[in-house]
Structure formats: C-alpha cells, structure tokens
There are 2 protein chains.
Amino acid sequence: MRTGQRRTTLADVAAAAGVSTALVSIVMRDAPGASPANRARVLAAAERLGYRPDRRARLLRSDRSRLLGVVFGVQDAFHGDVVTGLYDAAGRAGYELTLSAFTPGRDEHRAIGSLLQDRCEALILLSHSESVRELADLAARMPTVVLMRPIRAPAVDVIRTDDRRGLHQAVDHLVELGHRRIAHIDGARALSSAARRRGYIEAMRRHGLEAEIRVLPGGPRDDDGTAAARDLLTDPPTAVTVFNDRSAAGVLDTLRRSGLDVPGDISVVGYDDSSIARLRHVWLTTVAQDAGALTDLAVQRAIDRIEGRPVQGREVVVPPHLVVRGTTGAPRRP
Amino acid sequence: MRTGQRRTTLADVAAAAGVSTALVSIVMRDAPGASPANRARVLAAAERLGYRPDRRARLLRSDRSRLLGVVFGVQDAFHGDVVTGLYDAAGRAGYELTLSAFTPGRDEHRAIGSLLQDRCEALILLSHSESVRELADLAARMPTVVLMRPIRAPAVDVIRTDDRRGLHQAVDHLVELGHRRIAHIDGARALSSAARRRGYIEAMRRHGLEAEIRVLPGGPRDDDGTAAARDLLTDPPTAVTVFNDRSAAGVLDTLRRSGLDVPGDISVVGYDDSSIARLRHVWLTTVAQDAGALTDLAVQRAIDRIEGRPVQGREVVVPPHLVVRGTTGAPRRP
DNA sequence: ATGAAAGCGCTAACAT
DNA sequence: ATGTTAGCGCTTTCAT
C-alpha cells in the first residue's frame, strides 16, 4: 500500500497558474525570461499547492548537478566541525552537499558506494580506512579529495593538517617556557600518529635536545594516556606532548593523582582542541586543526577539478595553531 | 567547462552485453526473469564498464523510493549514535537513509527544506528548533517522526526518552544508597530540562522528601555546572542530580576543588552517558538514553506510516537506564 | 526469456 | 515573453 497522495508537480503548478510548464520552470529556477505578472502568479500557485521541485528529476535532466558528495564518520566529533565548514564553503560556491556517513555498522566502502549513485560531481572523503588502491580507482572516475589523511595516490587530492608542524609548535612553546626534558606519548596505530611523533623528534633535534628525546607508546584513548603516564612517573620529565586530547586527559589525571602539579611540576600539551580540552577544569593547552581552512580548500579543490581549472600540487598542507590554556607553564627546575 | 567523461548508463551496458536495456535493468535489480547466461554476461559488462545505476533516474521512474530522510545536528555527539542506529534499522527494513545536517550556519529549517526535494517517503527529525506549527505542516504532507523532543502536534509521531523516569531512576538510586538531601541542577531552557526537573521533583515527593526538594538554576555547559555547584557549597546536600554530563563535569570539578570528596562527601549523577562520563577519571554515574530502541522505533514507525499500517499512539516513550559508575555512594552522615 | 516503447518530473533548445 | 517539444537514465507494461 502506498501513501496515495501524489506529490504536486511542475505540471500541477502550470495548470493552476494557467501557464506552460516551461514558464514555471523558469520561475522556479529564478531564471530570466518571465513577466513579473506571471512570475507572481506562478509563485502564488506554487505556494498554494505546497510545491517542491523534485531534485531527482531536475538533476536527471540537467548536465550539471552542482552536488558534492561527502563521506564522514558520524561518531567523530571533529568530523562534525568539518561537515559544518563544508556546508558553508559549498554554499558560498553555489554547490550543495550530499552526505553519506560511515558508522560502526556501515563501513566507509559502503558509504562511498552509496554516494556513487547520487550523481555528485566530486567526492570529499574524511577517509579513515578505504585502501589507497580503491581511492585511486575512485579518483580515476571522478574528482576525489581526501581530507586529513596523509596518503599519496594517483589523481587523489589531499588536504590535510601539517601534523609535524603541530608538534613543532608544541615543542617550541615548551622550550620557550624553559623546558628541556620533554617526552612524547604517541598514538600507536592511529592515523596521524607517525607524523606527530616525527614532528616531535624533529623539533627536539632542532633545539639540540636530541639526548632528551623520549617517546612512550600510547594510543588514542584516555586509558592509553593513563597507562603511559604511569610509565612516565618513574622518571618524570618537565613536560609531555600527547597524541591527542583524550589521551592527554588520562595523562593529566594520572599525574595529578600521583601528587604532581600541572603545570607546576609538569606541563602537558594535547592535540585536537576537542570539547574535552575546553572543559574549564581540564583547560588543556593543545594543537588545533584549522577546520575552516581545510574545508575551504577541499571545496575549492573539488570545484577546480570539476570545472577543469589547473591546480598546483596534489597535496595541500594546512598549518595548525597552538591554543595555550592552563596546562603549560615554566618548569620549576629547568 | 565540464568533466567531459559521460558516465556509463544502462544503455552502454546493454550495448556491451548485446541485450536490451530492459534486461539489464532486470539483472541490476536482481529481479527474476533473465537467463543465467545473460545474467552473467550483463554482470560482466557492468563490472567491466564500472557501471553504477543512477539513483536519481531510478527513483524518478519508480513510484517507491524506499528512502527515509533524516535531519540531525552534526555537532551533537548523541546524534551520531542515533544516526548509527537509524542506518542499522533502515538497512534491516530494506530502506535507505538520506541525510541532511543542521550546523551553526545552516539551520534546521534549511536542512528540512533540502530533504523535501529528495523524494524520501518519510522524515525522521532530530529536531531542536523547528516550530511545532511547521512540524505539523510537514506532517500533513508526509509521515514525520520527531525524535527526542517532547512535542505534541497533529499527525506528528514522537519517539523520545522518558526523561522524567530517568530522574526517577537517579533519585531512586541515591535514596537506596541512603541519601535524603538530594538537590537538582537544571538545564535552564535546554530541550528536556523541564521533564528532567519534573522527574526529580516527582521522585523526591514519592520518597517523602518533599521538604528536601532543592532545584538550582543551571544550564547545559560545564561552566553552568561550575556556577551552580558554587551556590550549592553554602549548604551542601549529600547528593546532586545534574541536567547533563557536561554540566556535571563542572559540578564535579568545583566540588573537588573546594575539598569535598566525591562520592564520599557528595554523590553526583549526570545525564546522557556521553564520552565525558566515560573518561576514566570522571567515571560519572549517569542516565543513558537507549539509542538503539529510539532508532528502531523511529524507523518502524516511519515505515508503518509509509505503508499505511495502523499504529497505536502518536507518542512512544522509551525508558532510559542508569549507568552506575564512580560518583555515587552511601552518604557519610545520612 | 527478451525487446520495444512509454513515461517519471524536469530543463533546455527551439519555435512563436 | 511564452509555449512546444525532446530527452535525461531508468523502470515497467505489453508484445513477442
């Protein structure tokens, strides 16, 4: 059984307004070529009938969809910020977004497959897991922009944060405060773990602190931070940079519980500027990714590809910035 | 300028396989009525050409879309859980989801408007702000299910958590532990604030603790909790229920900073079972909404309406459950 | 089992 | 300025 009530179409509006469908189409698209009188009459009829253009039919007919497909993880808080930025950027450029989420029960591959049926003109992927090979296949078919994942594949555009630089900033900040014994708790197999670790090591070297380099195995969760912090306690450094905010929250708690003062005895820097970092009682110094820049660039790149404009470079790297809050300060004994 | 490469169509596959488009359609839809030989040949051709059916055209032609429109807030963590559940439930029922998000720069009304062009057969709204009047208008046109918002409007189905009961559970738990002086910090104008406050008051009365009822103005943010907790300190109760986890995090911190032990001196219960509550060092006792039940019911209801099945009641209320963690215990002086 | 042909709601090229 | 008409890529009768 069906709902019964057929939805109102262009033809219904045309009949009600006493004009042709073509004219209604012109009016609905706000295109030039209709007399003010007819325009008003059509608009009135459409309003009265509660007419909504059928996007499917519209897209089917016109050769352009002006639609950008976005794949994102619905459980990831930062993806929320990114989708927000993408809507804004796409809107400004006169494009629309069509969303497809991956979830614990619906993997990225399915999310992408679903989008592929949607006639979008380009794909913007907040990809975690799709293989480089498959991303390359995709990019061979249509413009494909991968966000925040440091991959290299033919025809795939990558827009990402300079995670190495993020850790440079963190270490620079700590060194400026007078720290020398700075450790790093890494993110194990998480996406940007390697780049962040590398950034830490580079910055330490640059400051002549090669001998102080100390990387502890960690992970993305708060109990990873808790465990790593316990390892740290046998011989505490004066500062520690942590893979992400969540892990840093675990670190903070362990340090404080064991009687250390933060930042008096030890400074802590996180990564992500997540909602946890902004809790007043955490108030974590952290590295923030620039969601707005990432999304502007992603949309710009997608549209450049769609419209065949020349672009420079497959990969665009966006600098993050340090947000100094309450967990960093000068060391007591430098 | 356009991308140039026209996408492959049914006709292309038909030509490649040497059959009619009708037959290809049958094979692609996995419908009966094609010989195994032809089926294989068509599938091979489709694979070779990288053919993807065009959902727009498909939907345009067939009278059913089997598409459920979902409006959600991309910044809201719990909405992530809900969308996850909706994908699962819809998938099991043979329906697909089409997503439209509201963001700081794209309000709910626009998100809904965009969906309306998408030919979905029903709407599932995680609505915060759309007016009851507009929701009713919507529901007059197509099946409309509103999730987690206690409204009453003609033709609108509502699936929500029993927030009053959530606070009953919280208070019952505290009373069982021996508490009598239990305060509540409310959520100001937040969505479910009134229901939760009411639940607190009802439960207190039921336990004969009418004289102990104490509601403090609060809000949804952690600094709302911080401020409210400071008010509490002049004459601390032995336990406090808080509008949500985020506010409870602020409460916890203020209490501890002022030298009180949680749960030794004072117990705290949050609401939402958010990621904050699960941080090991917060480990907050809290009321959890049952996302799975909410989403199963929402999808079921939407489909019942679409298919014209009789349903019982406009509103379905789902019980939450208490997650006991580390912030509640017996009072020292009951 | 297979194909020819009509048409979903719209846009765009072409008439008038 | 307005109407007529031909499809967009598919599904769905209806023939065969």
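Residues numbered from 1 in each chain as written. Chains lettered and ligands numbered in written order. Predicted model: local features only at pLDDT ≥ 70, side-chain atom pairs only at ≥ 80, totals over all residues.

1. Points about the protein's contact with DNA strand C
Of all residues adjacent to DNA strand C, which total 26 residues, the nearest are A:Leu10, A:Ala22, A:Ser25, B:Ser20 and B:Ala22. Mapped by element, the contributors of at least two residues to the surface near DNA strand C are helix 2 (21-28) and helix 4 (55-61) of chain A together with helix 2 (21-28) and helix 4 (55-61) of chain B. Residue composition of the surface near DNA strand C, by class: 11 nonpolar, 9 polar and 6 charged. (Near = placed C-beta within 6 Å. Helix = DSSP H or I, 4+ residues; strand = E, 2+ residues; numbered from the N terminus. Nonpolar A, V, L, I, M, F, W, Y, C, P; charged D, E, K, R; others polar.)

2. A look at the protein's contact with DNA strand D
Within the structure, DNA strand D sits among 25 residues, and A:Ala22, A:Ser35, B:Leu10, B:Ala22 and B:Ser25 are positioned closest to it. Taken together, the elements giving at least two residues each to the surface near DNA strand D come down to helix 2 and helix 4 of chain A together with helix 2 and helix 4 of chain B. Of the residues assigned to the surface near DNA strand D, the class counts are 11 nonpolar, 9 polar and 5 charged.

3. Some remarks on the relation of the copies chain B and chain A
Between chain B and chain A, the superposition needs a rotation of 180 degrees and an axial shift of 0.1 Å, giving an RMSD of 0.2 Å. Taken together, these values place the two copies in the relation of a two-fold axis. Residues of chain B ranked by C-alpha distance from the rotation axis are headed by B:Arg56, positioned 2.4 Å from it. Looking at chain B, 100% of its interface residues are interface residues in chain A too, so the copies touch through the same face. (Least-squares fit on C-alpha atoms with pLDDT ≥ 70 in both. Contact = placed C-beta atoms within 7 Å.)

4. As for the packing of helix 1 (residues 10-17) of chain A against helix 2 of chain A
All names here are of chain A. At their nearest, the axes of helix 1 and helix 2 sit 8 Å apart, and the two run at 105 degrees to each other. When the axes of helix 1 and helix 2 are compared, the pair comes out roughly perpendicular. On helix 2, the residues that touch Leu10, Ala11, Val13, Ala14 and Ala17 of helix 1 are Thr21, Val24 and Ser25. Its residues assigned to classes, the contact of helix 1 with helix 2 shows 6 nonpolar, 2 polar and no charged. (Axes fitted to C-alpha atoms, helices over the stretch in contact; angles between N-to-C directions. Parallel < 35°, antiparallel > 145°, perpendicular 65-115°, else oblique.)

5. Here we look at the nonpolar core
Formed by 90 residues in total, the largest nonpolar core has its most connected members in A:Leu86, A:Ile124, A:Leu147, B:Leu86, B:Ile124 and B:Leu147. Those residues in contact with A:Ile124 that sit more than four places away from it in its chain are A:Leu68, A:Gly69, A:Val70, A:Leu86, A:Val145, A:Leu147, A:Ala298 and A:Ala302. (Core = buried A, V, L, I, M, F, W, Y, C linked by C-beta atoms within 7 Å. Buried ≥ 20, exposed ≤ 12 C-beta atoms within 10 Å, placed from the backbone.)

6. A few points about the domain arrangement of chain A
Residue and element names in this part refer to chain A. Assigned domains within chain A: domain 1 (2-53), domain 2 (63-162 + 290-319) and domain 3 (163-289). Each of domain 2 and domain 3 has a C-alpha centre, and these two points are 30 Å apart. Across the contact, 11 residues belong to domain 2 and 10 residues belong to domain 3. Where the side of domain 2 that touches domain 3 is concerned, the elements lending two or more residues are helix 5 (77-92) and helix 13 (291-306). Across the side of domain 2 that touches domain 3, the residue classes tally to 6 nonpolar, 2 polar and 3 charged. (Domains from an automatic or database assignment.)

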